[in-house]
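A look at the structure
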Amino acid sequence: MKLAARAASIAITAAAFFASGVARADDVAPVASPSAAAPRGASTECPRDWVAALYPQVRSSVVRVETVGGVGSGFIMGDHRHVVTAFHVVALGRPLAVELFGGQLSWARAVAVDPAHDLALLELDAEAPFPPLPLVENDDAVPIGSEVVVIGHPLSGLDGPQHRLDGLLDWSASRGIVSARNALFVQTDASINPGNSGGPMLDCHGRVIGVVSWKIAAAEVDNIAFAVRADKVAA
């Protein structure tokens, strides 16, 4: 059953987001604009310092999702009224508040969920004044070993002595590579922590290749995390 069918009462652009599931995360070379997907056949090689060039272009499209149970990440998708995040973020409780880049707050409601793939679609009370992020057209076009960046809110709300963490953690970037993939997930060694869930994993063209979902947390394990493949989000 298409998850999009669960959102039949909202805009068609929002209803087409999820592919499947049931209703139950020296000189800077120019970087492709994140407002449009890179063309088919685009080079998979990333320019030097691409993260520094890309981050200012895409950070405003990332949001902070707040529930009574905690904080997660998300990103504007499809139009200016809808946000993709991880299902387990919104499952923490209601109500849902979304903080946009710059501090503007908006109430939100879940209009479609796919617990099987840990995905949720939120509708904002008002349009966000920031551009939506494009999805990669084919996850396999980003080979294993390709560089990626994750943007989100790890350990958001953590307060240090004398507010020394002010301006840190939220909207922070973590760089890594595509370590492996299967039909459901993209594995990465980018640093992922609580609060990153639901945020985008981006390639150097600014395309979303995955939605941050979970990591292996154990004393002997270092940097093994997973994002739901973009083709589970796109119809």
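All values derive from a computational prediction rather than experimental measurement. (Residues numbered from 1 in each chain as written. Predicted model: local features only at pLDDT ≥ 70, side-chain atom pairs only at ≥ 80, totals over all residues. Heavy atoms only, no water.)

As a further point, take the sheet that holds strand E10 (residues 200–202). One closed barrel holds the 6 strands; their spatial order is E7-E8-E9-E12-E11-E10, and the pairing between them is antiparallel. Here the strands of the sheet are splayed against their neighbours by 45° on average, with no regard to which way each runs. In the packing of helix H2 (residues 50–58) onto the sheet, the strands contacted are strand E7 (147–152), strand E8 (172–181) and E10, and the crossing angle to E7 comes to about 35°. (Pairing = 2+ DSSP bridges. Helix = DSSP H or I, 4+ residues; strand = E, 2+ residues; numbered from the N terminus. Axes fitted to C-alpha atoms, helices over the stretch in contact; angles between N-to-C directions. Contact = heavy atoms within 4.5 Å.)

The next point concerns the state of the cysteines. Scanning the entire structure with this criterion turns up 1 disulfide. Disulfide partner of Cys46: Cys204, at an S-S distance of 2.4 Å. Between Cys46 and Cys204, the disulfide has an S-S torsion of -85° and is therefore left-handed. Here Cys204 lies in the loop between E10 and strand E11 (208–215) and Cys46 lies in the loop between helix H1 (12–15) and H2, a separation of 158 residues in the sequence. Take Cys46: its relative accessible area is 22%, and that puts it in the partly exposed class. On the accessibility criterion, Cys204 (4% relative accessible area) is buried. (Disulfide = S-S within 2.5 Å. Buried < 20%, exposed > 50% of the residue type's maximum accessible area, 1.4 Å probe, protein only.)

Among the 6 residues of E7, 5 are classified as buried, and the element is accordingly described as predominantly covered. Sheet analysis places E7 next to E8, joined by 6 bridges and oriented antiparallel. Bridge pairing links Gly152 to Ser172 in E8.

Before going further, it helps to spend a moment on the sheet that holds strand E4 (residues 96–99). Spatially, 6 strands are ordered E1-E2-E3-E6-E5-E4 in a closed barrel, and the strand pairing comes out antiparallel. On average, adjacent strands in this sheet sit at an angle of 40° to one another, irrespective of strand direction. Here 4 bridges tie strand E3 (residues 82–85) to strand E6 (residues 119–124), and the two strands are oriented antiparallel to one another. Note on E6: the bridge partner recorded for Val84 is Leu121.

In this section: the nonpolar core. Here is a general trend for soluble globular proteins: nonpolar side chains tend to be buried in one another's company. Phe75, Val84, Val149, Ile151, Met201, Leu202 and Ile209 are the most contacted members of the largest nonpolar core, which totals 38 residues. Of all the secondary-structure elements, those providing two or more residues to this core are H2, strand E5 (105–114), E6, E7, E10, E11 and strand E12 (225–229). Examining the composition of this core, we find that 5 residues originate from one element, H2, more than from any other. Counting 17 residues, the second-largest nonpolar core is a separate cluster that includes Val63, Leu96, Ala108 and Leu124. (Core = buried A, V, L, I, M, F, W, Y, C linked by side-chain atoms within 4.5 Å.)

Of all residues in the protein, 77% have pLDDT values of 70 or greater, and the mean over the chain is 81. Contacts of residues 1–33 to residues separated by more than four positions or lying in other chains number 103 contacts, the stretch itself having pLDDT below 50. Below a pLDDT of 50 lies the segment residues 35–42, which in the model reaches 9 contacts outside its immediate sequence neighbourhood of four places, other chains included. (pLDDT = per-residue confidence, 0-100.)

We now examine the packing of aromatic side chains. This model, assessed by the stated rule, comprises 5 aromatic pairs. Geometrically, the ring pair formed by Phe185 and Trp214 is edge-to-face, given 5.9 Å between the ring centres and 75° between the ring planes. Of this pair, Phe185 sits in strand E9 (residues 185–188) while Trp214 sits in strand E11; the two residues are 29 residues apart in sequence, bridging distant segments of the chain. By the ring-pair criterion, three or more aromatic residues cluster together here, those being Phe101, Phe130 and Trp171. (Phe/Tyr/Trp six-rings, centres within 6.5 Å; stacked < 30°, edge-to-face > 60°.)

The next subject is H2. Regarding H2, the residues found buried are Trp50, Val51, Ala53, Leu54, Tyr55 and Val58. Next to the buried residues of H2 lie strand E1 (62–67), E7, E8 and E10.

Any two side chains of opposite charge can pair, on the condition that their charged atoms come close. This model, assessed by the stated rule, comprises 7 salt bridges. Of the charged contacts, one joins Glu123 and Arg109 as a salt bridge, the two residues approaching to 2.9 Å between their closest N and O atoms. Taken together, the residues span a long stretch of sequence, with Glu123 in strand E6 and Arg109 in strand E5 at a distance of 14 residues. A salt bridge links Glu147 to Arg175, with the nearest nitrogen and oxygen atoms 2.7 Å apart. Of this pair, Glu147 sits in strand E7 while Arg175 sits in strand E8, placing them 28 residues apart in sequence. The class of Glu147 is partly exposed, set by a relative accessible area of 26%. (Salt bridge = Lys/Arg side-chain N within 4 Å of Asp/Glu carboxyl O.)

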